[in-house]
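# Structural overview
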Amino acid sequence: MGGISKCAGARRRASRRFRLALLVSLLMLASAILAGLALGSSSIGAGDVLAYATGGASDMASNVLANVRIPRVLAGVLAGAALAEAGALIQATLNNPLASPNVIGVNAGSGLFVLLFACMAPHALSASVAAAFLGALASVLLVFFVSVYAGASRLTIVLAGMALTAIFTAGMNAILIFNPDAYVNSSGFLVGSLSGVTMPELAVPGVLIFGGLLLAVSQGVRLNILSLGDEGAHALGLNVVRARLVLLSLAALLAGAAVCFAGLIGFVGLIVPHVVRYVVGHDNRRVLLLSPVVGAALVCMCDTVARTLFAPFEVPVGICMALVGGPFFIYLILRSRKGEVDGRS
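Note on numbering: residues in each chain are counted from 1, in written sequence order. The predicted origin of the model limits local features to residues at a pLDDT of at least 70 and limits the giving and counting of side-chain atom pairs to 80 or more, whereas totals for whole chains, interfaces and linings rest on all residues. Excluding hydrogens and water, the side-chain figures rest on all heavy atoms present in the structure.

### A word on the overall build of the protein chain
- Helices and strands together make up the secondary structure of the protein chain, namely 14 helices and 0 strands.
- Runs of E in the DSSP output that reach at least two residues are strands. Runs of H or I that reach at least four are helices, and both are numbered from the N terminus. When its helices and strands are written in sequence order, the protein chain yields α-α-α-α-α-α-α-α-α-α-α-α-α-α.
- Along the longest, intermediate and shortest principal axes, the C-alpha atoms of the protein chain span 65 × 50 × 35 Å.
- Remark: exposure states derive from per-residue accessible area (1.4 Å probe, protein chains only) relative to the maximum for the residue type, with buried under 20%, exposed over 50%, and partly exposed in between. Relative to its full complement of 345 residues, the protein chain shows a buried share of 49%.
- Across the protein chain, every contact between residues at least 6 apart in sequence was considered, and the portion connecting residues at least 24 apart equals 78%.
- Roughly 15900 Å² of accessible area belongs to the protein chain as shown, and the carbon and sulfur atoms make up 68% of that amount.
- In this charge count, Lys and Arg are treated as positive and Asp and Glu as negative; neither His nor the chain ends contribute. Every charge is mapped to an atom, namely NZ of Lys, CZ of Arg, CG of Asp or CD of Glu. On the protein chain, the mean spot of the 21 positive side-chain charges and the mean spot of the 12 negative ones are 16 Å from each other. Here, two residues are considered to be in contact whenever any of their heavy atoms come within 4.5 Å of each other. For the accessible areas, the method is Shrake-Rupley and the probe is 1.4 Å, while residue cover comes only from the protein chains on display.

See below:
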């Protein structure tokens, strides 16, 4: 009875910790959204945001908020949530803590297909979204083939992903050399930027991201079963290969939808799942619920810092994320070499 009581107590503590973490994350997200709306290179501030919410803002303030800041903040929320959730799905599905959309080539594959379709159908927003998904799906399927059929180690999968990223990046650069006008603000796209995003551009990706997140948060039990290993998952009646294909396809949908309007923002899907697991543990049901909130808050905050720190000059948010994520990735590699990082860290 004592063991049962201890287990029940541990579950209650974990549940309280998760509720507290979710509350703190929601408050951080709300603060990041308000800061993103109130801060910028123009003189529009918090008072104008309040006036806009109550219908009393000036024409200039309304124009800036409606056409610049609100679309940009919404883009940060959507991109951060999608990339963080995609990273959580990829890490759990491949049982590889070093994996993320940018590390295994998902973002780069999506970006290559976006540029290819931009050359063929420059004004078709729906074609851009479809292209981003197809590129991301092609990348995850290649990585899946390496991980399953080649019996590769975790580090080999990461190296294969980096090779894919190099190939896809070379393809993108070649397109822009031969057709510099293929994509407006292509330099921002290649590093990841939310500058110039409009509401029409967010309509289709926003619906896909919202639907993808709803599907993703329902996959926690399946991911928990996968974490038992192939034999354990088979014993519980799970088709492991099919489950991994479905989960990776869902991650591709989320990452591709984010890339088509935000560009190649990296490291969100690497950092956020690790931070979330450190706070709430390894139950994927909780990780998948919390990761989108933390990811949305992180990208919003980084974008606000990137566009206000050197105002009136602007640094793309992808550069800010790389400055944070690069050292974090090196840290994970060093821990992995020491055997401290596994599929449940």
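### With respect to the packing of aromatic side chains
- Ring pairs are drawn from Phe, Tyr and Trp, using the six-membered ring of Trp, whenever the two centres fall within 6.5 Å, and their geometry is named by plane angle: stacked under 30 degrees, edge-to-face over 60, tilted for the rest. Taken as a whole and judged by the stated rule, the model has 1 aromatic pair.
- For the pair Phe-328 and Tyr-331, a centre-to-centre distance of 6.2 Å together with 50° between the ring planes defines the contact as tilted. Note that Phe-328 and Tyr-331 are positioned in helix α14 (residues 317–337) at a spacing of 3 residues, about one turn of the helix.

### Focus: helix α12 (residues 268–280)
- What a helix is expected to span follows from its residue count: subtract one and scale by 1.5 Å. Compared with an ideal rise of 1.5 Å per residue, which puts 13 residues at 18 Å, α12 spans 18 Å between its outermost C-alpha atoms and is within 8% of the ideal.
- Of all 13 residues in α12, 10 are buried, a share of seventy percent or more.
- Of the positions making up α12, those classed as buried are Val-268, Gly-269, Leu-270, Ile-271, Val-272, Pro-273, His-274, Val-276, Arg-277 and Val-280.
- Two residues or fewer past α12, Gly-281 is found with a positive phi of approximately 95°.

### A few points about the nonpolar core
- Nonpolar cores were defined as sets of buried Ala, Val, Leu, Ile, Met, Phe, Trp, Tyr and Cys residues, with membership established by side-chain atoms within 4.5 Å. Among the nonpolar cores identified, the biggest contains 104 residues, and Leu-89 and Phe-261 are the most heavily contacted of them.
- The element contributing the most residues to this core is helix α3 (residues 59–94), with 18 residues.
- Other than its neighbours up to four places away in sequence, Phe-261 contacts Ala-75, Leu-78, Ala-79, Ser-193, Val-197, Leu-202, Pro-205 and Ile-209.

### Re the packing of α3 against helix α8 (residues 199–217)
- In this description, a line fitted to the C-alpha atoms serves as the axis of each element, helices being fitted only across the stretch in contact, and the angle between N-to-C directions of two axes falls anywhere from 0 to 180 degrees. At a minimum axis separation of 10 Å, α3 and α8 run at an interaxial angle of 35°. Once α3 is placed against α8, the crossing between them reads as left-handed. Note on element contacts: α8 touches α3 through Met-199, Leu-202, Gly-206, Ile-209, Leu-213, Ala-216 and Val-217, opposite Pro-71, Leu-74, Ala-75, Leu-78, Ala-81, Ala-82, Glu-85 and Leu-89.
- The residue makeup of the contact of α3 with α8, split by class, is 13 nonpolar, 1 polar and 1 charged. A clockwise turn of the near helix away from the far one marks a right-handed crossing, whereas an anticlockwise turn of less than a right angle marks a left-handed crossing. Just so you know the grouping, Ala, Val, Leu, Ile, Met, Phe, Trp, Tyr, Cys and Pro go in nonpolar, Asp, Glu, Lys and Arg go in charged, and all remaining residues, Gly too, go in polar.

### Here we look at the packing of α3 against α12
- Where α3 contacts α12, the axes come no closer than 7 Å and their chain directions differ by 70°. In terms of orientation, α3 lies roughly perpendicular with respect to α12. Contact with α3, carried on its side by Gly-80, Leu-83, Ala-84, Gly-87, Ala-88 and Gln-91, involves Val-268, Gly-269, Leu-270, Val-272, Pro-273, His-274 and Arg-277 of α12 and no other residues of that element.
- Considered class by class, the residues forming the contact of α3 with α12 number 7 nonpolar, 5 polar and 1 charged. Roughly parallel means an angle under 35 degrees; roughly antiparallel means over 145; roughly perpendicular covers 65 to 115; every other angle is labelled oblique.

### Digging into the side chain of Asn-96
- Inspection of the secondary structure assignment puts Asn-96 in the loop between α3 and α4 (106–120).
- When near neighbours in sequence (up to four residues on either side) are disregarded, Asn-96 contacts Gln-91, Arg-154, Ile-157 and Val-158.

### Description of a nonpolar patch on the surface
- Patch membership is restricted to residues that have no salt bridge and whose relative accessible area is over 30%. Joining uses 9 Å for like charges and 5 Å for the nonpolar side chains Val, Leu, Ile, Met, Phe, Trp and Tyr. The term salt bridge refers to a side-chain nitrogen of Lys or Arg lying within 4 Å of a carboxyl oxygen of Asp or Glu. Together, Leu-20, Leu-23, Val-24, Leu-27, Met-28 and Met-301 give the surface a local cluster of nonpolar side chains, amounting to about 530 Å² of exposed area.
- In terms of residues, the nonpolar patch owes the most to one element, helix α1 (residues 2–38), which gives 5 residues.
- Mapped onto the elements, Leu-20 comes out in helix α1.
- The class for Leu-20 is exposed, based on a relative accessible area of 53%.

### Quick word on α4
- In a regular helix each residue adds 1.5 Å, so 15 residues correspond to 21 Å; α4 covers 22 Å between its end C-alpha atoms and thus fits that length.
- Along α4, the positions that sit buried rather than exposed are Val-106, Asn-107, Ala-108, Gly-109, Ser-110, Gly-111, Leu-112, Val-114, Leu-115 and Ala-118.

### Let's talk about the pattern of salt bridges
- What the rule picks out here adds up to 4 salt bridges.
- Notably, a salt bridge pairs Arg-307 with Asp-303, separated by 3.6 Å at the nearest N-O pair. One end of the pair is Arg-307 and the other is Asp-303, both in helix α13 (residues 284–308) and 4 residues apart, which spans about a single turn.
- Looking at Arg-307, the relative accessible area reads 9%, which means it is buried.
- Each of Arg-72, Asp-303, Arg-307 and Glu-314 takes part in salt bridges that share partners, so that together they form one network.

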